[in-house]
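# Commentary on secondary and tertiary structure
Below are the chains, spelled out letter by letter.
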Amino acid sequence: MAFELSYLVFIIPVLMALMALYFFSGRGAFLISGYNTLSKEEQEKYNLKELTRTMGIFTIVLAVLMAATLYCGMILENAMWALVFIICILVFTGIWLVYMNTSKKIKDKPY
């Protein structure tokens, strides 16, 4: 019984993967809180297609890393690999934050 219930934790990575597909369609900008709170004039300075594409990549990678962490930690019961994937999540998030704040592709509208 507990083995079957342990698969319920994979609902979050699956929902994140579905959200990534929504971002890839270019329609998920309202889910990005920083972009969502900007004025219309400020929002026009951003390349919406590139922003949603980048968020889609970020979300799908996080979903895969989260699923791997859950699989190693709960199914295989290997804490070492779960810790490795948690560190990968933290490193990837840090790199992504730097990229999002420095990328010219996102902040400049295409001509």
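So, how was this worked out
- Residues numbered from 1 in each chain as written.
- Predicted model: local features only at pLDDT ≥ 70, side-chain atom pairs only at ≥ 80, totals over all residues.
- Heavy atoms only, no water.
- Salt bridge = Lys/Arg side-chain N within 4 Å of Asp/Glu carboxyl O.
- Buried < 20%, exposed > 50% of the residue type's maximum accessible area, 1.4 Å probe, protein only.
- Helix = DSSP H or I, 4+ residues; strand = E, 2+ residues; numbered from the N terminus.
- 1 Å grid on protein atoms, 1.4 Å probe; cavity = no way out; pocket = protein on both sides within 12 Å on 5 of 7 lines; lining within 4 Å.
- Points joined across faces, edges and corners; volume = space filled by probe spheres on them.
- Nonpolar A, V, L, I, M, F, W, Y, C, P; charged D, E, K, R; others polar.
- Axes fitted to C-alpha atoms, helices over the stretch in contact; angles between N-to-C directions.
- Parallel < 35°, antiparallel > 145°, perpendicular 65-115°, else oblique.
- Left-handed = near helix turned anticlockwise from the far one by under 90°.
- Contact = heavy atoms within 4.5 Å.
- Phe/Tyr/Trp six-rings, centres within 6.5 Å; stacked < 30°, edge-to-face > 60°.

## Overview of the pattern of salt bridges
Within this structure, the stated rule accounts for 2 salt bridges. Where Glu42 meets Lys45, a salt bridge forms, and the shortest distance between an N and an O atom there is 3.1 Å. Residue classification places Lys45 among the partly exposed residues on the basis of a relative accessible area of 47%. The partner of Arg53 in a salt bridge is Glu50, with the nearest N and O atoms 2.9 Å apart. Note that Arg53 and Glu50 are positioned in helix α5 (residues 48-75) at a spacing of 3 residues, about one turn of the helix. By relative accessible area, which is 13% here, Glu50 ends up buried.

## Quick notes on the layout of surface pockets
Looking at the largest pocket, its volume works out to about 250 Å³. Lining of the largest pocket is provided by 13 residues; of these, Gly34, Tyr35, Tyr46, Leu51 and Met100 occupy positions nearest its centre. Every element with two or more residues in the lining of the largest pocket is listed here: α3 (33-36), α5, α6 (79-102) and α7 (104-107). Residues of the lining of the largest pocket, tallied by class, amount to 9 nonpolar, 3 polar and 1 charged.

## As for the packing of helix α2 (residues 11-24) against α5
The N-to-C vectors of α2 and α5 enclose an angle of 165°; their axes lie 8 Å apart at closest approach. For the element pair α2 / α5, the angle class is roughly antiparallel. Along this stretch, α2 crosses α5, giving a crossing that reads as left-handed. Across the interface between the two elements, Ile12, Pro13, Met16, Ala17, Met19, Ala20, Phe23 and Phe24 from α2 touch Thr52, Arg53, Met55, Gly56, Ile57, Thr59, Ile60, Leu62, Ala63, Met66, Ala67 and Leu70 from α5. Here the contact of α2 with α5 is built from residues that sort into 16 nonpolar, 3 polar and 1 charged.

## Digging into the packing of aromatic side chains
Summed over all chains, the structure comprises 5 aromatic pairs. The interplanar angle of 15° and the centroid separation of 5.6 Å between the aromatic rings of Phe58 and Phe92 together place this pair among those described as stacked. With Phe58 in helix α5 and Phe92 in helix α6, this residue pair connects regions lying 34 residues apart in the sequence. Look at Phe58 and you get buried, because its relative accessible area is 11%. For Phe92, a relative accessible area of 21% corresponds to the partly exposed category. Their ring planes at 40° and their centres at 6.2 Å tell us that Trp81 and Phe85 sit as a pair that is tilted. Linking Trp81 with Phe85, this pair stays in helix α6, spanning 4 residues, or about one helical turn. Since its relative accessible area comes to 47%, Trp81 is described here as partly exposed. Here a set of aromatic residues connected by ring pairs shows up, and it is made of Phe58, Phe92 and Trp96.

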